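So the chains spell out like this:
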Amino acid sequence: MKIDINYIARVEGESSVKLEIEGGKLKELRLNIWEPPRFFEGFLVGRKFDEVPDIVARICGICPVSHMTTAIRAMENAFGFKPSTEVKKIRKILALSQILSSHLAHLYIFALPDFFKLNSVVEMLPRYEKEIKRFLRLKDAANSITSLFGGRALHPVSMVVGGFTKLPSKADTEKAAKELESLHEDALETLKMASELKCPALENDAEFVALTGKGEYAINGGIISSTKGLNIKEHEYPSYFIEDEVPYSNAKRTVIKDRGSLMAGALARINLGFDNLLPDAKKASEDIGFKGGGNPFLNNLAQAVEIVHAFQECAILLRGLTLKEYFADFKVREGVGSALTEAPRGMLYHYYEIDRSGIITKANIVTPTAHNFLNLEESLKKLVTENIDKPEDELILMCEMLVRAYDPCFSCSVH
Amino acid sequence: MNKLRLGFFKYSCCMGCSYFFAYVHKHVPEVLASFDFVFIKMLSRKGIPDGPFDIALVEGTITEAWQADELKIIRGQSKKLFAIGSCAVIGGIPAIKATAPELEVEKRVYKNLSSIHSIKPHAVDAYVKVDGYIRGCPPAERDLYEALTSVLTGRKPDFPQHSVCIECKLKGNLCVLIADNMPCMGPVTNAGCGALCPSMNRACYSCFGPMKQANGPALAKKFKAMGISRDDIIRKFTEFGADTIEFRKAVEMVYED
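Criteria and cut-off values
Residues numbered from 1 in each chain as written. Chains lettered and ligands numbered in written order. Predicted model: local features only at pLDDT ≥ 70, side-chain atom pairs only at ≥ 80, totals over all residues. Heavy atoms only, no water. Helix = DSSP H or I, 4+ residues; strand = E, 2+ residues; numbered from the N terminus. Rg over C-alpha atoms; globule rule 2.2 N^0.38 Å. Buried < 20%, exposed > 50% of the residue type's maximum accessible area, 1.4 Å probe, protein only. Contact = heavy atoms within 4.5 Å. Areas by Shrake-Rupley, 256 points an atom, 1.4 Å probe, with all protein chains shown as cover. Lys, Arg positive; Asp, Glu negative; His and termini not counted. Charge placed at Lys NZ, Arg CZ, Asp CG, Glu CD. Domains from an automatic or database assignment. Buried area = accessible area lost by both parts, 1.4 Å probe. Salt bridge = Lys/Arg side-chain N within 4 Å of Asp/Glu carboxyl O. Polar contact = N/O pair within 3.5 Å; in protein donor to acceptor, adjacent residues only side chain to side chain. Nonpolar A, V, L, I, M, F, W, Y, C, P; charged D, E, K, R; others polar. Phe/Tyr/Trp six-rings, centres within 6.5 Å; stacked < 30°, edge-to-face > 60°. Lys NZ or Arg CZ within 6 Å of the ring centre and 35° of its normal.

> Quick rundown of the overall build of chain A? Include the residues and the values.
For chain A, the count of helices and strands is 14 helices and 14 strands. The C-alpha radius of gyration of chain A comes to 21 Å, within 12% of the 22 Å expected for a compact globule of 415 residues. Projected onto the principal axes, the alpha-carbon positions of chain A cover approximately 65 × 45 × 35 Å. The burial tally for chain A puts 66% of its 415 residues in the buried class. Taking the intrachain contacts of chain A between residues at least 6 apart in sequence as the baseline, contacts between residues at least 24 apart amount to 70%. Total accessible area computed for chain A in this model is approximately 14500 Å², and 50% of it derives from carbon and sulfur atoms. Here chain A contributes 52 positive and 57 negative side-chain charges, whose respective centroids are spaced 3 Å apart.

> Got a sec to walk through the domain arrangement of chain B? Specific residues and values, please.
All names here are of chain B. Looking at chain B, the domain boundaries give domain 1 (4-153) and domain 2 (164-256). Each of domain 1 and domain 2 has a C-alpha centre, and these two points are 25 Å apart. Facing 15 residues of domain 1, the contacting portion of domain 2 comprises twelve residues. Across the domain 1/domain 2 interface, buried area totals approximately 1100 Å², and carbon plus sulfur atoms make up 59% of it. Our count for the contact surface shared by domain 1 and domain 2 stands at zero salt bridges. At the surface where domain 1 touches domain 2, the tally comes to three residue pairs in polar contact (both at pLDDT 80 or more). Contributions of two or more residues to the side of domain 1 that touches domain 2 are made by helix H4 (85-90) and strand E6 (118-122). Residue composition of the side of domain 1 that touches domain 2, by class: nine nonpolar, five polar and one charged.

> Tell me what's going on with the packing of aromatic side chains, and back it up with residues and numbers.
Under the counting rule described, the total for this entry stands at 21 aromatic pairs over all chains. Measuring from centroid to centroid gives 5.8 Å for Trp-34 of chain A and Trp-66 of chain B, while their planes differ by 70°, and the two rings are edge-to-face. Taken together, the positions of Trp-34 of chain A in the loop between strand E3 (25-32) and helix H1 (40-43) and Trp-66 of chain B in helix H3 (residues 65-77) put the pair across two chains. For Trp-34 of chain A, a relative accessible area of 24% translates into the label partly exposed. Each ring, one from Phe-116 of chain A and one from Tyr-128 of chain A, has its centre 4.0 Å from the other, and the planes form 5°; the classification is stacked. Of this pair, Phe-116 of chain A sits in the loop between helix H4 (85-115) and helix H5 (129-150) while Tyr-128 of chain A sits in the loop between H4 and H5, placing them twelve residues apart in sequence. For Phe-116 of chain A, a relative accessible area of 22% gives the class partly exposed. Given the relative accessible area of 14%, Tyr-128 of chain A is considered buried. Through a chain of ring-to-ring contacts, three or more aromatic side chains come together here, namely Tyr-7 of chain A together with Phe-9, Phe-39 and Phe-53 of chain B. One cation-aromatic arrangement involves Lys-252 of chain A over Tyr-110 of chain B; the distance from NZ or CZ to the ring centre is 5.5 Å. Its end group placed over the ring of Phe-373 of chain A, Arg-253 of chain A keeps NZ or CZ at 5.5 Å from the ring centre.

> I'd like to hear about the environment of Gln-312 of chain A, residue by residue, with values.
Residue and element names in this part refer to chain A. Relative to the helices and strands, Gln-312 resides in helix H11 (residues 299-319). Each residue touching Gln-312, except ones within four places of it in the same chain, is listed here: His-184, Leu-278, Asp-280 and Ala-281. Of note is the side chain of Gln-312, whose polar atom sits 2.6 Å from the side chain of Asp-280.

Right under this line is the structure:
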């Protein structure tokens, strides 16, 4: 029996799962990422460094801040430029606000309808009006933080190499902090809701990989760490991670050299950085008996924990801003630079070679979904094998739910 | 009142327009009450991409042949078809690809091109007639509502046709081109963003694309007089407008000069 799930809705971008069952056994399964390529790494060559953040933002409609920050950090590394502490704080606020937006959209719009046996968030009305209203309150707040600093929530404009072009006033940042603090209960309700969703059991012994920091829930840079002992610096990334083309997919697939598949994203960050969560988020998570795990479906829950954490950390960072030293001049020079950040969906890598007039001569971008590609395929195989007797409709829905649990961005993965 | 049938179609892009639409900030109840979301992949399982549609929204650049084929079918089934976002409206960022030989650009990304079937990137109106343009990257919220309400009320949509300069003047911004010598694309860029970049202390980079019949060559001349290099001027006009007549004219002028 051949099953072709070619309409995978409620994810970003295009993909299909093709599988073949023969004699009660799974014969073959492929995740075909048919999202059309746009060739960013091809046309970035010849562009100037100061256009790059605005261009790479357009790789993703959900995580533009991550692509911009990663590119900016990579180019600053190439120029040997170190941004001020204030700039780093604001970049983290922006990153957290975007993690919030992305996770909220994923949990409420993309993932949730499955658990209520519905096709879309539209069908959730009017029965789940309370949840939808909570979603809108939280999403509004997250978006307003991104636009407070970036000018707009999607494809912000203030982020440049060296820092920011303009900052809001102290009165505005204080007001924003207060707004975020007032949403703590809503964030906790979101976690409670996520903890009540019944997920299929599925083991996954993948290597979880995320950036970690000392005493900090790492987002923009850190040590590349894994649950199987990886512990390397950002610039060592190419010696450990291998990207390869896949004949049936427009997205490339990344593995850890001599080791195999990996899983990045919220669950990986919780598995590796649980102790660095803020006390309230940690406690709320422990109260529901969650400290991480291997089942990829737990990624939904991990995102909910991060929502509690991110609202709080954002508010703390906002309170601590001086709003000074938000830009410093730098010297353009020939060089090579790379950087990693934790995008909402996981580890994101940018690499640039730049000539002496600031023109890009080579670019490479590896996105969270390219990191997760092989592991997602392996998990799908396991899921189908373990549920092979289920009716076709049910099996298809389970596969879709698993794809969505990874919160993939196929637009990013092909780019 | 019967709800109007709405289809949302995505081609080569960041899917930010779908995301934007899925979360229509201030008017969620009104939109839900007025439209039946027949097909929007980012929001719903089991949507049916078959018409007829009262309104079709199309995001993304056309970069593969099947997309052009599908687009033509959708056009035939839709009373009104709007291009949404700079990719669909003007080719957007993906159209930068066309500024260099296709094979050269593609080879930098893939070693094996046998399964890659990209064609030259174009805006939606290179293939089908479009009833209106919801410009911007991301699109302007006001223009999205304008498109939706125009279909609901059966009138012609009214989109801004002036340049970003007018928005700056209305906001009382100091001109970053004249006062700060920044290479601002505002004079040739269609309004809709509220003069965002100049308000954030930087030059407009034309993410809304050219205003109709904008005088690109005149601005390119101004940039040249400001001491900006030929290649930098070309990059300004090809970041979002590589596939537009208005900006191609500026690029040609710079080459000939």
